[in-house]
Amino acid sequence: MPSAFAPGKCILFGEHAVVFGHPAVAVAIEQGVRVSVQGSNEWLLEGQPFEPSKHPHISHIIQNIFQYNGQPLDIDVQSSLFSAAGMGSSAALSNAFGAAMHSHLNPSTPLDPIRLAKMAHSAEATAQKGRASPTDTATSALGGCVVVSGQHVTGTRHVFDTSLETPEGSRKWAINVVDLPADIDDAWLVVGYSGTGSPTGRMVAKVASLISESPQRMEEMETIANITRAGLTALSAGNLEGLGIAMDACHESLRKLEVSTNKLDRMVSSARPHSLGAKLTGAGGGGCMVALTQDPDRVSEAIEIAGGRPLKTKLGSQGVSIL
Ligand code: PMV
């Protein structure tokens, strides 16, 4: 049965600043979404009748990308990600489903991860009223460490450019990658889920109105961009201490942008004594924090004590694959 796996992601640096053209750094994580498809006599999703309007990512890929009108399909989805929590679960679903469809329809043609990333980005945009950054879909498709930016970022390798017509006009991004050094294998990420979803659209709008009320707040975006560049240099050199310091600094900037919550702050504070660095990850307002550590069990315990749900992972897992 054709099946595929696509990883979730964790943003290390640059959330919110990326909306203003600055770079963001994301890594693929071990957990993700596995999808399998097989011919059936009725359309099924996880054993239930498939309702296209409730699953816009899957519907977009079936109808607009593959223009499929063949035999009904039985689609099975298994996810090891917290959903709607900033871990890229919808991007991983789009990539894994797109790859499984590709394998079902063109079994002898190799999968092209760049085409897949663009396809999954268009599915995200369709599902999110035309607004979606390519960060999640590119990281899930390519794997490793991805830097998304308005322009080329020093110290990265350019892979592809992508664009999107949004309700606010056309947007362009460069997708770059960084090869992670072997020293990174000495560290874990522990993601902590706060228990509530992360409302990305609402948080992006909140930051936009904060900046229009007090334009001097735009300086915080420059600060985040500088932290992102410093963090990227540390990451590329395998300097775990430097990477952790940059993560701590990034959290302080995100707090100043008022996107953290008391719960996320508590989880970050309780993880820090056993971590190299810790910060909220993604849009904030709920969702997840992440700690970089060499003692993942103690950090997981600390996150649980602060009321969060921990998930241990490694940095820079491989991208989408056909199983
Ligand atoms: O929590 P996520 O994965 O939706 O990340 C959002 C990152 C933002 O910079 C806040 C928004 C974006 O489109 O890049």
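Only a predicted model underlies this, so the values are computations on that prediction, with no experimental measurement involved. (Residues numbered from 1 in each chain as written. Predicted model: local features only at pLDDT ≥ 70, side-chain atom pairs only at ≥ 80, totals over all residues. Heavy atoms only, no water.)

### Regarding a nonpolar patch on the surface
Inference 1: A contiguous nonpolar patch, built from Val-19, Phe-20 and Met-218 and spanning about 230 Å² of accessible area, is present on the exposed surface.
Inference 2: Within the element layout of this structure, Phe-20 appears in the loop between strand S1 (3-13) and strand S2 (24-39). (Patch = residues over 30% accessible without salt bridge, like charges linked within 9 Å, V, L, I, M, F, W, Y side chains within 5 Å. Areas by Shrake-Rupley, 256 points an atom, 1.4 Å probe, with all protein chains shown as cover. Salt bridge = Lys/Arg side-chain N within 4 Å of Asp/Glu carboxyl O. Helix = DSSP H or I, 4+ residues; strand = E, 2+ residues; numbered from the N terminus.)

### Brief notes about the pattern of salt bridges
Inference 1: Scanning all chains against the criterion turns up ten salt bridges.
Inference 2: Put simply, Arg-272 and Asp-248 hold a salt bridge, and the shortest N to O gap is 2.9 Å. Remark: Asp-248 occurs in helix H7 (residues 240-256) and Arg-272 occurs in the loop between helix H8 (262-271) and strand S10 (277-281); sequence separation between them is 24 residues.
Inference 3: Using a relative accessible area of 25% as the deciding quantity, one classes Arg-272 as partly exposed. (Buried < 20%, exposed > 50% of the residue type's maximum accessible area, 1.4 Å probe, protein only.)

### Considerations on the site of the ligand
Inference 1: Around the ligand lies a shell of 13 residues, among which Lys-9, His-16, Ser-133, Thr-200 and Ala-283 are the nearest.
Inference 2: Separating an oxygen atom of the ligand from a backbone N or O atom of His-16 is a distance of 2.9 Å.
Inference 3: In this structure, an oxygen atom belonging to the ligand sits 2.9 Å away from a main-chain N or O atom of Ala-283.
Inference 4: The protein chains hide 87% of the 380 Å² of surface that the ligand would expose on its own.
Inference 5: Elements represented by at least two residues in the shell around the ligand include exactly S1 and helix H5 (200-213).
Inference 6: For the shell around the ligand, the class distribution of residues is five nonpolar, five polar and three charged.
Inference 7: Split by domain, the residues of the shell around the ligand number at least three in each of domain 1 (3-14 + 29-142 + 159-172) and domain 2 (182-314). (Near = heavy atom within 4 Å. Polar contact = N/O pair within 3.5 Å; in protein donor to acceptor, adjacent residues only side chain to side chain. Nonpolar A, V, L, I, M, F, W, Y, C, P; charged D, E, K, R; others polar. Domains from an automatic or database assignment.)

### A few points about the domain arrangement of the chain
A common way to express how large an interface is: the accessible area buried when the components associate.
Inference 1: Taken as a whole, the chain is organised into domain 1 (3-14 + 29-142 + 159-172) and domain 2 (182-314).
Inference 2: Look at where the C-alpha atoms of domain 1 and domain 2 centre, and you get two points 26 Å apart.
Inference 3: Opposite the 14 residues of domain 1 that make contact, domain 2 presents 26 residues.
Inference 4: Roughly 1,600 Å² is buried in total at the junction of domain 1 and domain 2, and carbon and sulfur atoms are behind 71% of that figure. (Contact = heavy atoms within 4.5 Å. Buried area = accessible area lost by both parts, 1.4 Å probe.)

### A short note on the state of the cysteines
Inference 1: By the definition in use, this model includes zero disulfides.
Inference 2: Free cysteine: Cys-250, not disulfide-bonded; nearest cysteine sulfur from Cys-10 at 11 Å. (Disulfide = S-S within 2.5 Å.)

### Here's the deal with the nonpolar core
Inference 1: Membership of the largest hydrophobic core comes to 82 residues, with the highest contact counts inside it found for Phe-13, Val-35, Ile-75, Phe-97, Leu-235 and Met-289.
Inference 2: No other element matches the seven residues that helix H2 (residues 89-105) contributes to this core.
Inference 3: Per-domain counts for this core show at least three residues from each of domain 1 (3-14 + 29-142 + 159-172) and domain 2 (182-314).
Inference 4: If near-sequence neighbours (up to four positions away) are discounted, Leu-235 is found in contact with Leu-12, Val-25, Cys-145, Leu-180, Pro-181, Ile-184, Leu-243 and Leu-315. (Core = buried A, V, L, I, M, F, W, Y, C linked by side-chain atoms within 4.5 Å.)

### Observations concerning the side chain of Thr-293
Inference 1: Tracing the chain through its elements places Thr-293 in strand S11 (residues 288-293).
Inference 2: Thr-293 sits in the buried class, given a relative accessible area of 0%.
Inference 3: When near neighbours in sequence (up to four residues on either side) are disregarded, Thr-293 contacts Ala-187, Trp-188, Val-190, His-274, Ser-275, Leu-276 and Val-299.

### Remarks on unusual backbone geometry
Inference 1: In this structure, Glu-46 is a non-glycine residue whose phi angle is positive, near 50°.
Inference 2: Locating Glu-46 in the fold gives a position in the loop between strand S3 (44-45) and strand S4 (48-49).
Inference 3: Residues other than glycine seldom take positive phi values, yet Gln-67 does so here, at roughly 45°.
Inference 4: Following the sequence through the fold, Gln-67 ends up in the loop between helix H1 (56-65) and strand S5 (73-79).
Inference 5: Note on Gln-67: relative accessible area 60%, which makes it exposed.

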